[in-house]
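# Tertiary structure, described
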Amino acid sequence: MTFYLLMTCRLLLAGVFVVALAGKVRGRAAFAAFTASIRALGLLPRPWAAVAAYALVAAELVTAALLLATRVAGLAAAAVTLAVMTGGVLAALLRGRRAPCRCFGPSTRPLGRTHVARNLLLIAVAGAGLAAGGSGDPAHPAGLVLSAVAAAVGVLIVVRLDDLAALFSAPSHVRK
């Protein structure tokens, strides 16, 4: 049973990092918008924003690869990468900076508490995967499929969280 929890955690996190990476590198305009969002956070001097953007893209790529290839290193890399991103979001929020979230590509929704909560939840997923460990029992194909489906649903929820938050935070006159 713990093997399937481990697989779900790894696949969910790998999926999130792959979608995030794809959203940032799908074209020059997407990467430029991502770099501009880092610059708008005001945490780094202007020339360092591009360096930070490249570093984050590299971290997402390495993390996704590690999640697919290894257990401990992948989950640890995910937790560390997410902790760094969460720290950056918190630092920006404490300074009153609210740049658009370019976590998964184009978005106009500014970074906020929802993004911090999402990242903390993903860090908890990495922790759950590390705690689950793995058993030496052979995996059943149906269990692997169920793990993959659960992970895919999780990725969809994480990636579309801004839309879900907007849907449920609509003004009361719109919901009638």
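Preceding block: the structure.
Our subject in this report is the structure included herewith. Throughout this document, residue positions are counted from 1 along each chain, in the order its sequence is written. Where local features are concerned, this predicted model is filtered to residues with pLDDT of at least 70; where side-chain atom pairs are given and counted, the filter is 80 or more; whole-chain, interface and lining totals use all residues. Here the side-chain values reflect all heavy atoms present in the structure, with hydrogen atoms and water set aside.

All right, on to the packing of helix α1 (residues 2-25) against helix α4 (residues 72-94) then. Inter-axis angles, ranging from 0 to 180 degrees, are taken between N-to-C directions of lines fitted to C-alpha atoms, where helices are fitted over the stretch in contact. A run of H or I in DSSP counts as a helix once it spans at least four residues, and a run of E counts as a strand once it spans at least two, with each numbered from the N terminus. Where α1 contacts α4, the two axes come as close as 11 Å, and the packing angle between them is 45 degrees. It follows that α1 is oblique to α4 by the angle criterion. In the crossing of α1 with α4, the sense of the turn from one axis to the other is left-handed. Listed contacts from α4 to L6, R10, L13 and F17 of α1 are L75, A78, T81, L82 and M85. Broken down by class, the residue content of the contact of α1 with α4 amounts to seven nonpolar, one polar and one charged. Relative orientations are named as follows: roughly parallel for angles under 35 degrees, roughly antiparallel for angles over 145 degrees, roughly perpendicular for angles from 65 to 115 degrees, and oblique for any other angle. With the far helix as reference, a near helix turned anticlockwise by less than a right angle produces a left-handed crossing, and one turned clockwise produces a right-handed crossing. Any pair of residues with heavy atoms lying within 4.5 Å of one another is described as a contacting pair. Each residue gets one label: Ala, Val, Leu, Ile, Met, Phe, Trp, Tyr, Cys and Pro are nonpolar, Asp, Glu, Lys and Arg are charged, and the others, such as Gly, are polar.

In this section: helix α5 (residues 113-132). To estimate how far a helix should reach, multiply one less than its number of residues by 1.5 Å. The terminal C-alpha atoms of α5, which comprises 20 residues, lie 28 Å apart, in line with the 28 Å expected from a rise of 1.5 Å per residue. Burial classes follow relative accessibility: with a 1.4 Å probe on protein chains only, a residue under 20% of its type's maximum area counts as buried, one over 50% as exposed, and anything between as partly exposed. Taken together, the buried positions of α5 are occupied by H115, V116, R118, N119, L122, V125, A126, G129 and A132. Structurally, α5 contributes buried residues whose contacts are with α1, α4, α6 (141-159) and α7 (161-168). At the C-terminal side of α5, G133 shows a positive phi close to 65 degrees.

Below, the discussion takes up the packing of helix α3 (residues 46-69) against α4. Between α3 and α4, whose axes approach to 7 Å, the crossing angle comes to 155 degrees. With respect to α4, the axis of α3 lies roughly antiparallel. Two packed elements cross with a definite hand, and for α3 against α4 that hand is left-handed. Of the residues in α4, those touching α3 at L56, A59, E60, T63, L66 and L67 are A73, G74, L75, A77, A78, T81 and M85. Split by residue class, the contact of α3 with α4 holds nine nonpolar, three polar and one charged.

As a rule of thumb, soluble globular proteins bury nonpolar side chains together. What makes a nonpolar core is a set of buried Ala, Val, Leu, Ile, Met, Phe, Trp, Tyr and Cys residues whose side-chain atoms join them at distances within 4.5 Å. Counting residues in each nonpolar core, the largest one holds 30 residues, and the members touching the most others are L13, V16, L67 and L122. Of all the elements in the fold, those that place two or more residues in this core are α1, α3, α4, α5 and α6. Counting residues per element, this core draws most heavily on α1, at eight residues. Filtering out sequence-adjacent residues up to four positions away, L67 remains in contact with R10, L13, A14, F17, G74, L75 and A78. Listed in part, the eight residues of the second largest apolar core include F31, F34, L56 and V57.

Inspection of the secondary structure puts V159 in helix α6. For the pair V159 and A69, spaced 90 residues apart in sequence, the C-alpha to C-alpha distance is 23 Å. For V159, the residues in contact, after removing those within four places along its chain, are V19 and F104.

Before going further, it helps to examine the side chain of H115. Mapped onto the elements, H115 comes out in helix α5. Those residues within four positions of H115 in sequence are excluded, and the remaining contacts are C101, P110 and D162.

A separate point is the packing of aromatic side chains. To pair, rings of Phe, Tyr and Trp, with the six-membered ring standing in for Trp, must have centres within 6.5 Å; the planes then decide the type, stacked if under 30 degrees apart, edge-to-face if over 60, and tilted in the middle. Applying the stated criterion across every chain yields a total of three aromatic pairs. With a centroid separation of 6.3 Å and an interplanar angle of 55 degrees, the aromatic rings of F31 and F34 are classed as tilted. With F31 and F34 both in helix α2 (residues 28-40), this residue pair falls three residues apart, about one helical turn. Residue F31 is classed as buried on the basis of its relative accessible area of 15%. Judged by relative accessible area, F34 falls into the buried class, the value being 5%. Between F31 and Y54 the ring centres are 4.7 Å apart and the planes differ by 45 degrees, which places this aromatic pair in the tilted class. Taken together, the residues F31 in helix α2 and Y54 in helix α3 connect sequence positions 23 residues apart. Working rule: Lys NZ or Arg CZ, within 6 Å of ring centre, within 35 degrees of ring normal, means a charge sits over the ring. Directly above the aromatic system of F34 lies the positively charged group of K24, at a separation of 5.0 Å from the ring centroid.

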